[in-house]
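Spelled out from the first residue to the last, the chains are:
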Amino acid sequence: MNVTLVSSIIGGVFAVASVVISVGITTLNQNRINKLNNSIEAQKKHQYYLEPLIRSAADLQSRIYNILECGFIERYYHNGSDRNRKYVIDNTVFLVAQFFAWTEAARIDVQFLNLENDIKTLKLSELQSNIYSLIQTDSYGQNFIFFAGEQRAIGEQMLIKMDKGYNCIGYGEFLKKEAFCNEFLFEELKKEVIKMTTDLQGYRGRLKKLQHALIDLLDHLDPNQIRISKNERTKIAR
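Residues numbered from 1 in each chain as written. Predicted model: local features only at pLDDT ≥ 70, side-chain atom pairs only at ≥ 80, totals over all residues. Heavy atoms only, no water.

Participant: What is the right way to look at the pattern of salt bridges in this model?
Facilitator: Side chains carrying opposite charge are able to pair once their charged atoms draw close together. Counted according to the given criterion, the structure contains twelve salt bridges. Ionic pairing is found between Asp 216 and Lys 235, a salt bridge with its closest N-O pair at 2.8 Å. Remark: Lys 235 occurs in the segment after helix H9 (201-221) and Asp 216 occurs in helix H9; sequence separation between them is 19 residues. We classify Asp 216 as partly exposed; its relative accessible area is 30%. By relative accessible area, Lys 235 is classed as partly exposed at 35%. (Salt bridge = Lys/Arg side-chain N within 4 Å of Asp/Glu carboxyl O. Helix = DSSP H or I, 4+ residues; strand = E, 2+ residues; numbered from the N terminus. Buried < 20%, exposed > 50% of the residue type's maximum accessible area, 1.4 Å probe, protein only.)

Below is the structure:
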C-alpha cells in the first residue's frame, strides 16, 4: 500500500478521533455547566424563600403553642374585647393561610428544578408532604381537615407574582380583601377557627402534631438557630 495513502488514512482516523473527543469534552463540559447553573438557580430560589418560609412556620407554630399551652383563646376570645375576639379569628386564619402561601410558592418555584440529587431540597419536600398529610388525614378526627389541593388553593389566593418570584400579601392587605370572606375555602377555614374556640379539645391532637412538624421544618431550614432561637421552637409535650 502506498505510504502516502497509509499516512492519509492514519491522519483521517486521528482527525475523526479528535473530533469525537472534542465533541465528547464539549458535551461533558456543557452538562457540568448546566448542572452548575441548576445548582446556582436552586440556591437563589432557596435563599429567596428561606426567610419568609421560616418566619411563616415560626408564626404558625407559635400561635398553636399559645392556643394549646398559654390560654390564648380563653384570654383574648372568651375574656377579651370585641377587637380582641376579631383578632383571634382573623389573625389565626391569616397565619394558616400565610404558611400555605409560602409553602406553595416554594413548591412552585423551587421544586420544578432538576434537584433529584439535592438532599436538602428532597428533605424539604418530605417535611412539606408530612404537613400536607397531617392536615388532610382523618386520623385525628373530622376537625380542621383540608386536602392538599385545598391547602395549595388557599396559598395561591394569598400570592402575588413578582419579577423574582412570588410574594405573599401582609395582614393589613388581607383584612382589606373582602373577597376572602366570601371565598369558600377561606370561609371554611374561618369556621374551623371559630369552632376551635368552643371545642379546643377536638383540635388538640392534630394541632399538637402540626406544631411538632412545623418545628421539624424550622430545624431543617434554620439548623443553627440564626433566625429563630431555641426558646422559640419548643415542642408541646406529648
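Participant: What should I look at first to understand the environment of Thr 103 in this one?
Facilitator: The topology assignment puts Thr 103 in helix H3 (residues 82-110). Once the C-alpha coordinates of Thr 103 and Pro 52 are considered, the two residues, 51 residues apart in sequence, prove to be 9.5 Å apart. From its side chain, Thr 103 meets the backbone oxygen of Phe 99 in a polar contact 2.8 Å long. (Polar contact = N/O pair within 3.5 Å; in protein donor to acceptor, adjacent residues only side chain to side chain.)

Participant: Would you mind showing me how to read the packing of aromatic side chains here?
Facilitator: Both the distance between ring centres and the angle between the ring planes are used here to describe each pair of aromatic rings. Under the counting rule described, the total for this entry stands at eight aromatic pairs. Summarising the aromatic geometry, the rings of Phe 144 and Phe 146 are spaced 5.6 Å apart at their centres and angled 75 degrees between planes, so their arrangement reads as edge-to-face. As far as burial versus exposure is concerned, Phe 144 and Phe 146 are alike and both buried. When the centroid spacing of 6.3 Å and the interplanar angle of 45 degrees are considered together, the rings of Phe 174 and Phe 186 count as tilted. One end of the pair, Phe 174, is in helix H6 (residues 171-176); the other, Phe 186, is in helix H8 (residues 184-196), with twelve residues separating them in the sequence. Just as Phe 174 is buried, Phe 186 falls in that class too. The ring of Tyr 132 has Arg 152 sitting right over it, with the charged end atom 4.9 Å from the ring centre. We note Lys 161 situated over the ring of Tyr 166; from NZ or CZ to the ring centre the distance is 4.4 Å. (Phe/Tyr/Trp six-rings, centres within 6.5 Å; stacked < 30°, edge-to-face > 60°. Lys NZ or Arg CZ within 6 Å of the ring centre and 35° of its normal.)

Participant: Looking at this model, I keep getting lost on the side chain of Thr 197. Mind explaining?
Facilitator: Its place among the elements puts Thr 197 in the loop between H8 and H9. Within the local environment of Thr 197, its side chain forms a polar contact with the backbone oxygen of Ile 194, the two atoms lying 2.4 Å apart.

Participant: Looking at this structure, how should I read the nonpolar core?
Facilitator: A general tendency of soluble globular proteins is for nonpolar side chains to be buried together. Formed by 56 residues in total, the largest nonpolar core has its most connected members in Ile 64, Phe 99, Ile 131, Ile 154, Met 158, Leu 214 and Leu 217. Looking at this core, the elements that each hand over two or more residues are helix H1 (3-69), helix H2 (72-78), H3, helix H4 (119-136), helix H5 (148-158), strand E2 (166-168), H8 and H9. Considering each element in turn, this core owes the most residues, 13 residues, to H3. (Core = buried A, V, L, I, M, F, W, Y, C linked by side-chain atoms within 4.5 Å.)

Participant: Sorry, what's going on with the packing of H4 against H5 here?
Facilitator: Between two packed helices, what matters for the description is the angle formed by their axes and the separation of those axes. At their nearest, the axes of H4 and H5 sit 9 Å apart, and the two run at 110 degrees to each other. When the axes of H4 and H5 are compared, the pair comes out roughly perpendicular. Contacts between H4 and H5 involve Ile 131, Tyr 132, Ile 135 and Gln 136 from the former and Ala 148, Gln 151 and Arg 152 from the latter. Split into classes, the residues belonging to the contact of H4 with H5 amount to four nonpolar, two polar and one charged. (Axes fitted to C-alpha atoms, helices over the stretch in contact; angles between N-to-C directions. Parallel < 35°, antiparallel > 145°, perpendicular 65-115°, else oblique. Contact = heavy atoms within 4.5 Å. Nonpolar A, V, L, I, M, F, W, Y, C, P; charged D, E, K, R; others polar.)

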